[in-house]
Every structure is written in structure tokens, then in C-alpha cells.
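# Results of the structural survey
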Amino acid sequence: MRIDILSLFPDMFQGPLSESIVKRALQKGLAEIHIHNIRNFATDKHHRVDDYQFGGGAGMVMMPEPVVAAIESLTNERKYDEIIFMTPDGEVFNQKTANLMSMYDNLMLICGHYKGLDERVRQHFITREISIGDYVLSGGELAACVVADSLIRLIPGALNDETSALSDSFQDGLLSAPVYTRPADFRGWKVPDVLMSGHDKNIVEWRQQQSIERTITRRPDLLNEDE
Ligand code: ADE
């Protein structure tokens, strides 16, 4: 999978994408991430990327020309499965979308800033708009990191234990069961007996039961979702 990220603040990607599972997946060649500075595509002498809103109102708007020049420099090279704009008014990202998008070959993520992106770019170039939740970030960069991380860890070979993505919360529409490690007794708080029993069938049943109970108490909305 190749992910191209278009941003006005390319340095924001240094940390999140260069550690842990994502770092290893990139090193193994399972995925490539290319960060592009939209400002490099501005053509005027001040490298201007934003301008005032027509009709007035607070906040600057990302101008169409630099973003479109950046998009076209990439679409001229290859075909993209989706060109995604990260924005708080997009569809809310979830595990189902992550599973689907983890199978893509080429993905472009565009990070918004200021008051937003000129609507004509959204209408004519963007194929999907994604929000990572009902709150407003200072820009789409952190959201793009969230999306890239969630996709890359699903690529076969990215996780050491291939089955571990399957037992993630949300993967079967339920939250995951609680987990414990040594010591078996920590300050008098004991690990549930069933986990120490060595009885695989009982352990599977206990985890399933815990998942259901957690989902009912914490996220009952998940139980009403289709499929
Ligand atoms: N940009 C600003 N806030 C955002 C959010 N919640 N999701 C995606 N992109 C954003």
C-alpha cells in the first residue's frame, strides 16, 4: 500500500509514523508513506496557500490552485483508490472503513487547515471525506496519522501475531475483553480464576461474555449497528 499525504505542516508526521508497528511495516516494505508539502505547489512569489473567504467571515480558506497542483502531480503518476479530505464534517471513521481501506493500493490523504478547503476542490477532486470524531483539531494532520496507523497495522505481516488484529475491539462489533499479565496477585487483586485454569473452552466463553458485557455497558450503540 502506498499512502500519499498532502499537508501544509509536513513536520507533524515525523513522530507518529516513525515508531512501533508502523515503523516496522514501513521498514519491511509492506507500506510506503510519502509526505508532500502543499506550499511547494504554490506558484506566486510568497508561496501563498490561503486567502480570505468570499462573502466575509472569520478564518482563511485553503486556495484551490496549490492543492489541485499537488493532487494532479500525483494522479498523473498513478491511479488512486480514493482521494480523501480529512475534515471534521466528513463521515466518521471506524474499523469497518479501516478494514476496507487497508486493501487499497494507493491512497491520498489531504489535510485541511484554517477554515477549510475551497468547496470546488472538494466537489471535483475529493472522492471521500473523513472525520476521526466529533471534535475539531487544528488541522487534518493528526487525523491522517490516525487513519494511516489504523490501516497499516491491518496489512498482513504488520503485526507479529497475525491473529491479534482479529481480537481487537470493534473487529467483531464488540469491545475486547479485559487482559491480565503477571503477577497473578498484584496488591491482593487477583487475576480471574478462569484465566489461570488452562481450560481453553472456558476461557473463550469467559472472554466472549466479558466482551458482550463491556459493550452493553460502555457502547450499547455498537449493538444496534447493522451487520
Ligand atoms: N480536521 C480537523 N478536525 C478534524 C477531525 N475531527 N477529523 C478529521 N480531520 C479534522
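Heads up: the structure comes first, above all this text.
Residues numbered from 1 in each chain as written. Predicted model: local features only at pLDDT ≥ 70, side-chain atom pairs only at ≥ 80, totals over all residues. Heavy atoms only, no water.

A few words on the sheet that holds strand β7 (residues 128–131). Taken together, the five strands give an open sheet; going across it, the order is β2-β1-β6-β5-β7, and neighbouring strands pair in parallel fashion. On the outer flanks of this sheet lie β2 (32–37) and β7, each paired with one strand and no other. Taken pair by pair, the neighbouring strands of this sheet meet at an average axis angle of 30°, ignoring direction. Of the pairings in the sheet, the one linking strand β5 (residues 82–92) to strand β6 (residues 106–111) comprises five bridges and is parallel in character. In the sheet register, F85 faces β6, and the bridge partner there is I110. Across the face of the sheet, helix α2 (residues 64–75) comes into contact with β1 (2–7), β2, β5 and β6 while running at roughly 165° to β1. (Pairing = 2+ DSSP bridges. Helix = DSSP H or I, 4+ residues; strand = E, 2+ residues; numbered from the N terminus. Axes fitted to C-alpha atoms, helices over the stretch in contact; angles between N-to-C directions. Contact = heavy atoms within 4.5 Å.)

Scanning the model with the defined rule gives one aromatic pair in all. Look at F186 and W189: their rings are 5.8 Å apart centre to centre, the planes differ by 55°, and that puts the pair in the tilted class. In this structure F186 comes out as partly exposed when scored by relative accessible area, which is 44%. Overall, W189 belongs to the exposed group, its relative accessible area being 58%. (Phe/Tyr/Trp six-rings, centres within 6.5 Å; stacked < 30°, edge-to-face > 60°. Buried < 20%, exposed > 50% of the residue type's maximum accessible area, 1.4 Å probe, protein only.)

On to the site of the ligand, then. Neighbouring the ligand are 13 residues, the closest being T87, I132, G133, Y135 and L137. Take L137: an N or O atom from its main chain is 3.0 Å from a nitrogen atom of the ligand. Here the ligand, which alone exposes 270 Å², has 97% of that area covered by the protein. Of all the secondary-structure elements, those providing two or more residues to the shell around the ligand are β5 and β7. Considering only residue class, the shell around the ligand consists of eight nonpolar, five polar and no charged. (Near = heavy atom within 4 Å. Polar contact = N/O pair within 3.5 Å; in protein donor to acceptor, adjacent residues only side chain to side chain. Areas by Shrake-Rupley, 256 points an atom, 1.4 Å probe, with all protein chains shown as cover. Nonpolar A, V, L, I, M, F, W, Y, C, P; charged D, E, K, R; others polar.)

What follows concerns the side chain of N106. In this structure, N106 sits in strand β6. Polar side-chain contacts of N106 include one of 3.2 Å to the backbone oxygen of K79. The residues touching N106, leaving out its near neighbours within four places in the chain, are R2, R78, K79, Y80, D81 and E82.

With that settled, the discussion passes to the side chain of T215. Mapped onto the fold, T215 is located in helix α7 (residues 200–218). In terms of polar contacts, T215 uses its side chain to reach the backbone amide nitrogen of L175, at 3.0 Å. A polar contact is formed between the side chain of T215 and the backbone oxygen of S211, at a distance of 2.6 Å. Once residues lying within four places of it in the same chain are set aside, the contact partners of T215 are G173, L174, L175, P220, L222 and L223.

Our focus in this paragraph is the pattern of salt bridges. With the rule as written, the count across this model stands at 14 salt bridges. Of the charged contacts in the structure, one is a salt bridge between K190 and D185, with a shortest N-O distance of 3.7 Å. Residue class for K190 comes out exposed when judged on its relative accessible area of 60%. Taking relative accessible area as the criterion, D185 reaches 38% and is therefore assigned partly exposed. The salt bridge partner of K201 is E205, with a shortest N-O separation of 3.3 Å. Taken as a pair, K201 and E205 lie in helix α7 at a separation of four residues, close to a single helical turn. For E205, a relative accessible area of 44% gives the class partly exposed. (Salt bridge = Lys/Arg side-chain N within 4 Å of Asp/Glu carboxyl O.)

By themselves, these figures tell us nothing about what the structure is for.
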